[in-house]
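# Observations on chain architecture
Listed below are the residues making up each chain.
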Amino acid sequence: EVLYDPTLLLQIEPLKKFVLLINLIQKSTAKDLQSDIEILHDSANLEDPTSRYAWVTYVMAVAQAGTRLAYDNLRFIIDSDMVTSSVAAQAVAYIPRAFRAPDPAFVDDFFQFAIGSASDKYPLNVLRSTVSYRIHLSESSKQQTKDSCLEDETSQDDAGIKIYINKLAAMLKNAVEEGCSTKIQTLIRAIGNIGNECIVDVFKPYLQGTRVVSSFQRFMMVMSLDKFAEADPEAAQNTSWSSS
């Protein structure tokens, strides 16, 4: 009932009720979630702020539930064009912070979702959190590998990172060819967030003038080496010097 009456929500501690809604979604079955989606979406009316508010509130709660089932339903909502681009962008950005038990399979699926056809449905700035999330898990995995001395796992994870870098590099190249400044800047920062030495090879053609970008975009590439500089200051410094 509270979802359909925003004024009532404000009267009874909205944050507390929102957390309760998230908890309910976490415990819901696939059938329950699908039923909720159908009811709330079908009742949402662009001319009725109350029903629209209820639908958006529910979508945000699904995004923050942090379960695989909730994630799958959020993908269904976005792929079915049930929300606007701005709402989808906000919802997807919550996933890296909210997911309760991430594993490599989930991260791979989420990454593919972010850079795949669904990326046309919401702003590319989602890539920032997506890539950072993938690298965070990579670093955690490497630490566990180091502790257990399982070098093969480290090699596999490094190979996985290179796959993501190559995909983002291809997206950057396409964005440059299209002349889309927003995409170019977003992808530069997303690639920089990886902090792996392989990003140098991605930026080098642009920094050396083989591929043409604006002076500001070249500057962004140099500045986006900050995370790489933290890992290997000398190598990053030499890269910046050679590009000037």
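In case you missed it, the structure is sitting above this.
Residues numbered from 1 in each chain as written. Predicted model: local features only at pLDDT ≥ 70, side-chain atom pairs only at ≥ 80, totals over all residues. Heavy atoms only, no water.

### Here's the deal with helix α3 (residues 30-43)
Using the following cut-off: Counting from the N terminus, the helices are the DSSP runs of H or I reaching at least four residues and the strands are the DSSP runs of E reaching at least two. A helix is expected to span 1.5 Å multiplied by its residue count minus one. Accessibility here uses a 1.4 Å probe with only protein chains present; expressed as a share of the type maximum, an area under 20% marks a residue as buried, one over 50% as exposed, and anything in between as partly exposed. This arc corresponds to the set of directions leading from the helix axis out to the C-beta atoms.
Under the 1.5 Å per step criterion, the end-to-end length of α3 is 20 Å for 14 residues, consistent within 8% with the ideal 20 Å. Of the positions making up α3, those classed as buried are L33, I37 and L40. Projected down its long axis, α3 shows its buried positions confined to an angular sector of 85°, all on one face. Facing away from the buried surface of α3 by more than 90 degrees, the exposed residues are K31 and D42.

### Things to note about the nonpolar core
Which entries qualify depends on this criterion: Among the buried residues, those of types Ala, Val, Leu, Ile, Met, Phe, Trp, Tyr and Cys that are joined through side-chain atoms within 4.5 Å form a nonpolar core. Domain start and stop points were drawn from an automatic or database domain assignment. Any two residues having at least one pair of non-hydrogen atoms within 4.5 Å are treated as being in contact.
Counting 31 residues, the largest nonpolar core has I25, W55, Y58, V59, L74 and V83 as its most contacted members. Here the element with the most residues in this core is helix α4 (residues 49-63); it accounts for seven residues. Viewed by domain, this core spans two of them, domain 1 (1-100) and domain 2 (106-136 + 156-243), each represented by three or more residues. Discounting chain neighbours no more than four positions away, the residues touching W55 are I37, L40, H41, A44, I77, M82 and V83. Listed in part, the 27 residues of the second largest apolar core include I161, Y164, I165 and L187.

### Some thoughts on a nonpolar patch on the surface
Selection rule: Patch membership requires more than 30% relative accessible area and the absence of a salt bridge. Residues of like charge join within 9 Å; the nonpolar side chains Val, Leu, Ile, Met, Phe, Trp and Tyr join within 5 Å. What sets the accessible areas is the Shrake-Rupley method with a 1.4 Å probe; for residues, cover comes only from the shown protein chains. What counts as a salt bridge is simple: a side-chain nitrogen of Lys or Arg found within 4 Å of a carboxyl oxygen of Asp or Glu.
Where nonpolar side chains cluster on the molecular surface, the patch consists of F216, F219 and M223 and spans about 330 Å² of accessible area. Mapped onto the elements, M223 comes out in helix α12 (residues 215-223).

### Thoughts on the environment of F113
As for its position among the elements, F113 is in helix α7 (residues 104-115). Taking the relative accessible area as the measure of exposure, F113 reaches 3% and is therefore buried. Between the alpha carbons of F113 and R75 there is a distance of 8.2 Å; along the sequence they are 38 residues apart.

### As for the environment of Q26
Keep this limit in mind: In protein, a polar contact means a hydrogen-donor-capable atom and an acceptor-capable atom, both N or O and within 3.5 Å, with residues adjacent in sequence counting only if both atoms are side-chain atoms; elsewhere, any N or O pair within 3.5 Å suffices.
Position of Q26 relative to the elements: it lies in helix α2 (residues 14-26). The exposure class assigned to Q26 is partly exposed, which follows from its relative accessible area of 25%. Distance in space between the C-alpha atoms of Q26 and R68 is 9.4 Å, their sequence separation being 42 residues. In contact with Q26, not counting residues within four places along its chain, are A65, T67 and R100. In terms of polar contacts, Q26 uses its side chain to reach the backbone carbonyl oxygen of A65, at 2.8 Å.

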